[in-house]
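# What the coordinates show
Next come the chains, spelled out residue by residue.
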Amino acid sequence: MPELPEVEVVRRGLERWVAHRTVADVEVLHPRAVRRHIGGGEDFANRLKDQRIGVPERRGKYLWLPLEPTGGAVLAHLGMSGQLLVQPAEAPDEKHLRIRVRFADELGTELRFIDQRTFGGLSLHETGPDGLPDVIAHIARDPLDPKFDDAAFHEALRRRRTTIKRALLDQSLISGVGNIYADEALWRSRLHYERPTTGFTRPRTAELLGHVRDVMNAALAVGGTSFDSLYVNVNGESGYFDRSLDAYGREGEPCRRCGTIIRRRPWMNRSSYFCPRCQRPPRAPSAS
DNA sequence: CCGCGAGCCTGAGGGC
DNA sequence: TGCCCTCAGGCTCGCG
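From a predicted model like this one, the values you see are computed outputs, not experimental measurements. (Residues numbered from 1 in each chain as written. Chains lettered and ligands numbered in written order. Predicted model: local features only at pLDDT ≥ 70, side-chain atom pairs only at ≥ 80, totals over all residues. Heavy atoms only, no water.)

The subject of this paragraph is the protein's contact with DNA strand B. Near DNA strand B, the surroundings consist of Arg-32, Lys-95, His-96, Gln-116, Arg-117, Thr-118, Phe-119, Arg-160, Arg-161, Thr-162, Arg-166 and Asn-269. Close to the protein, within 4 Å, the atoms of DNA strand B belong to sugar or phosphate groups at a rate of 69%. In this structure, a sugar or linking oxygen belonging to DNA strand B sits 3.3 Å away from a side-chain N or O atom of Gln-116. Interatomic distance of 2.9 Å between a side-chain N/O atom of Arg-166 and a phosphate oxygen of DNA strand B. Grouping the constituent residues of the surface near DNA strand B by class yields one nonpolar, five polar and six charged. (Near = heavy atom within 4 Å. Polar contact = N/O pair within 3.5 Å; in protein donor to acceptor, adjacent residues only side chain to side chain. Nonpolar A, V, L, I, M, F, W, Y, C, P; charged D, E, K, R; others polar.)

This is the structure:
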């Protein structure tokens, strides 16, 4: 499940293998993979043809390839199961191959978008003065962005009448955090996922942000290693997904801090993993 | 305006 | 063996 670190690994791979190449031709094999492109698959393919790709950029879980010299960008979101692979042109098609991009050079490789569940997709958009695609202008900076404003985040957090995990997953407040790293950062911070954000103090916000950054940087460090091969990957091949998580996916196993059994609770059509001793629920025990 | 929850999508895995 | 149910969960949209 790609969150910020996984998407950044993909971005780096694209920078190495795809930047500065010119598109020769595009095949859209599944309409849902371009559903965010207003003009549809044929228009997507026609507009991308002959464009030169610049240095890939990322904000949160979105990444985009700037197009030169005309401007605009190919925006990519991996959703739940999306992958961007650079493959030899002669490699057999993957089962869930959705989009193929061929290049006008002799490198012999092509870019493939593969997505079993088609939550993700590619689309073309105009970009603002900062190079940001217009449709993601509402996405907040992510915590690894040097321009992320910790103080502004704290104030926004206190203004929201919501609970902390909801806030962490709200991409307009802070981007790049998904279910896994939210649970991990909350475990490290000893915070229950339903704690109201209204009462957060500056030190508490600062500690939480620190843990969010730590867990993301740790994942990034591991994900970035297996990188020399001709393979832009997400979803585990580089091994970081099975690295030691402290909370997520550990239902029934002992908390690494206190030994109490980690619990899983249904939450927002998904799950929250937490240590019932380290992460005490807020006082008025709502429907935890 | 804001918080909240349904629905999208497909394959793996468990129970019977 | 096969069917049905649950689970995975980021994001969009509509409701109150």
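Moving on: unusual backbone geometry. Backbone phi values are negative for most residues with the exception of glycine, while trans is the configuration of most peptide bonds. The linkage connecting Glu-68 with the following residue, Pro-69, adopts the cis geometry, with an omega of -10°. Structurally, Pro-69 is set in the loop between strand E4 (62-68) and strand E5 (73-77). If you check the backbone angles, His-20 has positive phi at about 70° while not being a glycine. When you line up the elements, His-20 lands in the loop between helix H1 (4-17) and strand E1 (23-28). On the accessibility criterion, His-20 (45% relative accessible area) is partly exposed. One non-glycine residue, Asn-269, lies in the positive phi region at around 65°. Within the secondary structure, Asn-269 sits in the loop between strand E10 (263-267) and strand E11 (270-274). (Helix = DSSP H or I, 4+ residues; strand = E, 2+ residues; numbered from the N terminus. Buried < 20%, exposed > 50% of the residue type's maximum accessible area, 1.4 Å probe, protein only.)

As annotated by UniProt and renumbered to match this structure, "active site" (unreviewed entry) occupies Pro-2, Glu-3, Lys-61 and Arg-270. Among the structural elements, Pro-2 can be located in the segment before H1. With relative accessibility at 8%, the residue Pro-2 sits in the buried group. One can find Arg-270 in strand E11. Leaving out residues up to four positions away in the same chain, Arg-270 has contacts with Leu-169, Asn-179 and Arg-265. (UniProt positions renumbered as here; feature names shortened; annotations may be inferred. Contact = heavy atoms within 4.5 Å.)

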